[in-house]
Amino acid sequence: MGSFAPTQQDVTATHATVEIIDALPAAANIRIPRRRLQLSSCSLMRSKAVLPGKPQATLQAVCTGEWGRRRLIAYVAGETLVILEGVEDVLQTIYHEGGELTVVAIDEESGKFAVGSRNEVLVYGPTGMDQGMLRWVLQSSFKLPSEDGEVHSLSWGSGDEVLVGSNSLSLWETAPTKVRTLWRKPVANPIKLAVFSYDATLVASIGAYDRLVKVWERLSFGSEDVQFGYSYLPHPRSVTGLHWRQPFHREETIDSVLFTLCVDSILRVWAQVQSQDQGVLHLWAAIDLGSSIPTPFTEASTGQNYTSPTKSCDLSTTRHALILDSRVFTGAAEAAVRTGGTSEKQLENLSRLTDVAARNPEIVVVFDEKGRMSALGLDNIGNKNQKSTNVFHIVTGETSGLMAGVMPSDRGTYIHFSVFSSKKQESGGLVILSHFFDGQIYWFDTRLDELLDPTPQKQRLKLRGIWSGHSGSTKTLVRTAEGKAVLSSTESGEHIVWSKLRMKGAVTLLKQSEISPPDPVLRAIVMDTGRLVLTMHEKYVILWGTSRGKAAEIARCGYSLEGKVLSLLLLPESDDGLHTFHVVAVTSKMRGVTWEVKSVPESQKSSTPRLRQYCEFDLGETEEHHLLLAVDPVGWTATIGGTLDRFSREVVTSITPSGFLRSWVARVNLETSEVHWLATFSAETSIHLASLMKSSSVGKAAIVGNSRNDLSIWATRSATLEHSIEFENHEVIMDLDWACTPDSQSILAVGFPHRVLLLSQLRYDYLQGGPSWAPICEIKIREYTPHPIGDSIWLEDGGLIIGAGNQLHLRTRKIESEDGLIQSLNTYPRHKGAIMDLFDLVSHLNGPVPVYHPQFLQQCILCGRAKLVERILLNLHKELRSYHEEIPLDNFLGIPPEVFYDLENEKGVLERRSSNIGIYFDNYSSEDELSTFGETLAASLCELLQKVPIPHLTGSEQMNLASITECVAQVNKHRRSIDENGARFLLFFKQFILRKDRRLYTLKEGGLSWREIVWAFHSDSQEILVDLVNTTHKGHMLWAGARACGLFMWLRDSESVCKQWETLARNHYTQTEERNPIHCTLHYLALKKKNVLVGLWRIAHWNREQATTLKFLSNNFDEPRWRTAAKKNAFALLGKQRYEYAAAFFLLADALKDCMNVCFNQLKDPQLAIAVARVYEGDEGLVLREFMMEKILPMACREGNRWLATWAFWMLKRKDLAVRAIVCPLHTLLTELGTTDAASAAASPAPESRLYLASDPALIILYKLLRGKSTQTLRGFEKISPADEFEFVMHTARLYDRMGCDLLALELVKNWEFLRKRLPGDTLRNGMEWGVGRTDGYRGRRNSILTIEDEIDRRGKERERERERGRRRWGGGSLVLVLVLWRELCRWRRGWALGRRWLSPRRVCFRNRI
């Protein structure tokens, strides 16, 4: 109803109102069932919460009504009208640009809203109800005359009539077709509140500080001349609230009853006592609410205990009152009976409620500022024979829970109540909206029998939600380092600190403090879990204490900086127990200042936090930086170690106008009062004038280009481009925010004007070239508000706050599986309508894969562990034959974990039958024909894979697994005749052909990558591979097939190259029935077999070019004139875009270089150019060498293709460089080789050279294969520093980990062998070259891991230490050193963990054993 303070002066009387709810008319008919099931409330966390905006501090800022069986709630906040249907269900937000909205009223018959703004009234009507697209649109509006001033009150009458209170009282017709004034009456005192009775016959109005209530009686209906008469209701003090009794139905005819509230703490009831008193109200009762909650009260009413004796307490000076109407009382009572329990206490409460309802009373509930309550009943209102028992007590001085979640400093504020009954089970039947005039609306649920229970209870009202927000548009959001509190700022300079509040089944934001700075705030920092805020102004900074509702200024400190301030950030502290914070401001000149803030513990309330300037610093950068932002520490603690090195957590990321990205770490030196900075990782992004940038503490950076619609995601520690995407031109990226799961997996929120897109990192997929990031969720806010998003930020537990307009939207980690983006990933869960956790979903998409995952199997094949792959497929077949979805599938398939990383024991373990296979359903015997891997078992497994959905695999991954199984079985037949490199090539070639036939292959090149080409190039079984490739093409291979498998790139024997080229020529000639010699012209001219070509032309009678071609080919092209003629014909063909034919005529003119340029530039086919050169002049030709150096190697450098580079160096007989190309920067090798385009290739790298695909983990297998293959490769190996090799191994291990192949990463760091390099002054025995012919030359091999320093000293002392280490041979069981290196690997990504939520007990044991 309202609130008042008995000691207040009349000037404060504007802060009171009345909200009344009538009694249950037929309460005696309610029956209590003997047995009723107790229904539990929903315990699921809501997936969203909304703070729709800060409600206006006016009496009619909130309204509610039932229209079309829908409960509608509306309130005005700033320039918006918010329409809701539930605690988090925002139906619509309507913006009005003509000024702030102050009052709102609802018409329950039509569902219309009347809204007042300054001197204008706007009427919004519903539309689209039948189409399921309910929206309110502006139907009419009108402005008051200038002498009437602003709108103060609105009330709906009959039909489309609206009563407007201002400097006059006027009645308006608001029909869309005709808006007019029906009646107007100037008043002496501006109207504060004017309300129609529910039959629209009476109007009660008051002005500001009025002691007389004016009751207007309508004298005429339906005529053009509307007339009102009036009378007065006198009061001794200022009247603060009015309310008419509400009937059960609007059409119901009842006597008018008016409740008035006055600052003398008296509730007065006015009624028509005599039947002839139509329009005349008499005082029926006066109730002293100030004494309704007595001064002595028991401690039971405070909720501390229930049995302590009474204790004297000061009487609260403020009272808040509400009254239950008949309609609400009936609905709440029926809900209480319907959901009541069967316990003795519950039955007693229901019986008491029935007794109260039998008296047909109005219920008055009174609250004080401490949350205590009393309830009184009023029956037989209007009866002229009034008795003393007409006013009776129900509850006296008990705890209610009204002030739960309310800041102590705000408990004295005025409260306005709106109450309604609800049929929703979780609401309890009665909903109370408490509008606190400090700018918040609290939603409370309760059961009517519990609310009116006279016995002590801890909490009668249950807080379900809080509606609050801003008055203006949100501009920025800043959170604490740990993400527990948030500071939101608006464009109008409103600053509010929010803290998280957990309620039953929900999380929302609670307004903690409001800051009123004296000057505009440039930047701000939130510290100490939201208890302190530092605001930066133009010439000084201010430290605010934000523990109370109104922030208090603690200290102020001036500053002077050169350049534009780019960032204000909080440094992570090495010890968080000192309650000391260091805040840093950095300018575009890379200079800055540091302030020190010393907070005090909450227990030391007498102490005051301190602020002082700590130091100034200069980062030493000469170039001005375009952006410099703090690293987002979500997912990490706010403290760091005491060292300053590359392993420290980054605190700042900067980018220059040209796009040079750099990360910085910092450490506070408490002894010298300095801040030390260190630039760690850098990357050249080539993004000019980036518009947005955000980096995370796990080494990820998101950058938005100048156009604001292109996004790139970088791994800063490896300078790798992981993902890039370009959105539509109309989609402008407004904001970026990082989040991390507990195991350091990244999530990026990309904010657009009306939506937020969540991107999750995925596993690296080198074999399929899939994306490493994908959208997993889209949050659209246009359905809630038309205002664009201002900012967004993550909380500590994965909640996302989105600021749009004056609203704050909070999304939890819960995601519905019906989201279209999740379904596009074709991932878990498979049942519809499931609720998923965001962190679990990201872990599923990016975590370690089971051993039967196709990516793990493919990497095992590349590592040469074919037997392990066969054992995995064999065990998977056995498990699937007896698989049931209720029995989890072991992620190790019963294979001992040590098999995956202990190579010495792998063979013996695999030969033993695992006792864990088929532990539930073992239907096998030793004679089973499917007990060994072969084509029969592979066919059976493929059949099972088409029927049984396998956990942790998507549909496409399961199809890929089937193709791998089929290809492994095919390759297994040739195992004895081909080497390991040939097997690698053959398996992926078979898989490529299989996927191509099934139209599943999606690589841009349309063929095998250079990785597979290099495997075949280094194979010693090339003759067999050629036969298998030709057999696959059924002996009719064309150039497209040869290019797809890279045949002429990996063939080393020149005779075989020419032989296969001639076969290719015949196939091209016979590919069509007409036998066109043009198709094979290039091939025969490359073979220098012009005569064969002439013979083919002689029989091509059908070709109209036969005569001219034969005549031209009959010439002697050794003569210069005919060579010139051939060139002219070639250029003519280029003009006609007959590029392949033109290349053939260049060969006819002996212009091999021109021919290759046509193939490379016009046909975009470097393989064709190289194949022609190899056939035409051999591998030693000068033109081929020049083409390799000037075209292929620069292209490999620009694209970052190390596979192509090492192949090209090997073709150039520079095997030393071929080894170094795997590890060293390519542009340095090109410079050493003397390539003229080396500088340009390094200066203009292609975008794909920065992609993660350029760092293939399979390169380390090639490196291990080549480094000791010959004397020349050993010389190249010698030039690779131990530090570079160590970093190469660690980088590969991190790639395995990023792919989800953690076991392969562990195997690599445990079993890698560092070959000892030759030391200066060493001599080789018997005059032999080092490392060739005998193992003595290796100076000791080690299969353990050493930590290698960045700079290696070659002095005598260090050399002696190396010799001492060389004498020691460490075994493969040195797990201590493996542990050290593995921990080093885990520090790069996600901590000490090998598993995820899908870990089986066996994997957990394995992890603990390590």
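Description of the structure in this document. Note that the structure is a prediction, hence the values are computed from the model and not measured. (Residues numbered from 1 in each chain as written. Predicted model: local features only at pLDDT ≥ 70, side-chain atom pairs only at ≥ 80, totals over all residues. Heavy atoms only, no water.)

**Concerning the overall build of the protein chain**
The secondary structure content of the protein chain amounts to 35 helices and 63 strands. The burial tally for the protein chain puts 59% of its 1410 residues in the buried class. Here the analysis covers contacts within the protein chain between residues at least 6 apart in sequence; of these, 59% occur between residues at least 24 apart. By element, 49% of the accessible surface of the protein chain is carried by carbon and sulfur atoms, the whole surface being about 58,500 Å². (Helix = DSSP H or I, 4+ residues; strand = E, 2+ residues; numbered from the N terminus. Buried < 20%, exposed > 50% of the residue type's maximum accessible area, 1.4 Å probe, protein only. Contact = heavy atoms within 4.5 Å. Areas by Shrake-Rupley, 256 points an atom, 1.4 Å probe, with all protein chains shown as cover.)

**Examining the packing of helix α16 (residues 1054-1069) against helix α23 (residues 1166-1177)**
Between α16 and α23, whose axes approach to 9 Å, the crossing angle comes to 115°. One finds that α16 runs roughly perpendicular with respect to α23. Read as a crossing pair, α16 and α23 show a hand that is left-handed. Counting all contacts with α16, which are made through Val1057, Cys1058 and Trp1061, the residues of α23 involved are Leu1168, Ala1171, Val1172, Arg1174 and Val1175. Partitioning the contact of α16 with α23 into residue classes produces seven nonpolar, no polar and one charged. (Axes fitted to C-alpha atoms, helices over the stretch in contact; angles between N-to-C directions. Parallel < 35°, antiparallel > 145°, perpendicular 65-115°, else oblique. Left-handed = near helix turned anticlockwise from the far one by under 90°. Nonpolar A, V, L, I, M, F, W, Y, C, P; charged D, E, K, R; others polar.)

**Points about a nonpolar patch on the surface**
Judged by side-chain polarity, Leu212, Tyr230 and Tyr232 come together as a nonpolar surface patch covering roughly 320 Å² of accessible area. Assignment of secondary structure puts Leu212 in strand β17 (residues 212-218). (Patch = residues over 30% accessible without salt bridge, like charges linked within 9 Å, V, L, I, M, F, W, Y side chains within 5 Å. Salt bridge = Lys/Arg side-chain N within 4 Å of Asp/Glu carboxyl O.)

**Considerations on the packing of aromatic side chains**
Using the criterion set out here, one finds 40 aromatic pairs in the structure. Plain terms: the ring middles of Tyr766 and Tyr1252 are 5.4 Å apart, the flat faces sit at 70° to each other, and that makes the pair edge-to-face. Here Tyr766, found in the loop between β55 (755-761) and β56 (773-780), pairs with Tyr1252, found in the loop between α28 (1238-1243) and α29 (1259-1266); they are 486 residues apart in sequence, far enough to count as distant. Looking at Tyr1252, the relative accessible area reads 3%, which means it is buried. When the centroid spacing of 5.1 Å and the interplanar angle of 90° are considered together, the rings of Tyr1141 and Phe1145 count as edge-to-face. Linking Tyr1141 with Phe1145, this pair stays in helix α21 (residues 1139-1148), spanning four residues, or about one helical turn. Look at Tyr1141 and you get buried, because its relative accessible area is 8%. These aromatic residues form a ring-pair network of at least three members: Trp183, Trp216, Phe228, Tyr230 and Tyr232. Over the aromatic face of Phe752 sits the side chain of Arg755, whose NZ or CZ is 4.5 Å from the ring centroid. Here the basic side chain of Lys1088 rests over the ring of Tyr1176, its NZ or CZ set 4.7 Å away from the ring centre. (Phe/Tyr/Trp six-rings, centres within 6.5 Å; stacked < 30°, edge-to-face > 60°. Lys NZ or Arg CZ within 6 Å of the ring centre and 35° of its normal.)

**Describing the packing of helix α7 (residues 866-881) against helix α10 (residues 955-972)**
At a minimum axis distance of 11 Å, the contact between α7 and α10 shows a crossing angle of 125°. Relative to α10, the element α7 lies oblique. Crossing of α7 against α10: the hand is left-handed. Contacts between α7 and α10 pair Val869, Glu870, Leu873 and Leu876 from the former with Leu961, Thr965, Val968 and Asn972 from the latter. The class makeup of the residues in the contact of α7 with α10 is five nonpolar, two polar and one charged.

**Topic: the nonpolar core**
Membership of the largest hydrophobic core comes to 180 residues, with the highest contact counts inside it found for Trp1050, Trp1061 and Trp1207. Once residues lying within four places of it in the same chain are set aside, the contact partners of Trp1050 are Phe985, Ile1013, Ala1016, Phe1017, Gln1022, Leu1025, Val1026, Val1029 and Cys1045. In terms of nonpolar packing, the next biggest core, distinct from the first, is built from 57 residues, Val82, Val104, Leu758 and Ala804 among them. (Core = buried A, V, L, I, M, F, W, Y, C linked by side-chain atoms within 4.5 Å.)

**Some details on the sheet that holds β56**
Spatially, four strands are ordered β53-β54-β55-β56 in an open sheet, and the strand pairing comes out antiparallel. In the strand order of this sheet, the two ends are held by β53 (735-740) and β56, each with one partner. With strand direction ignored, the average angle separating the axes of adjacent strands in the sheet is 20°. In this sheet, β55 lies alongside strand β54 (residues 746-751) in antiparallel orientation, the contact comprising five bridges. Counterpart to Val750 in the pairing with β55 is Leu757. (Pairing = 2+ DSSP bridges.)

**Description of the pattern of salt bridges**
Counted under the stated rule, the structure contains 58 salt bridges. Its salt-bridge partner being Glu980, residue Arg975 comes within 3.6 Å of it at the nearest N-O pair. Arg1294 is the partner of Glu1287 in a salt bridge, and the nearest nitrogen-oxygen pair spans 2.7 Å. By relative accessible area, Glu1287 is classed as partly exposed at 38%.

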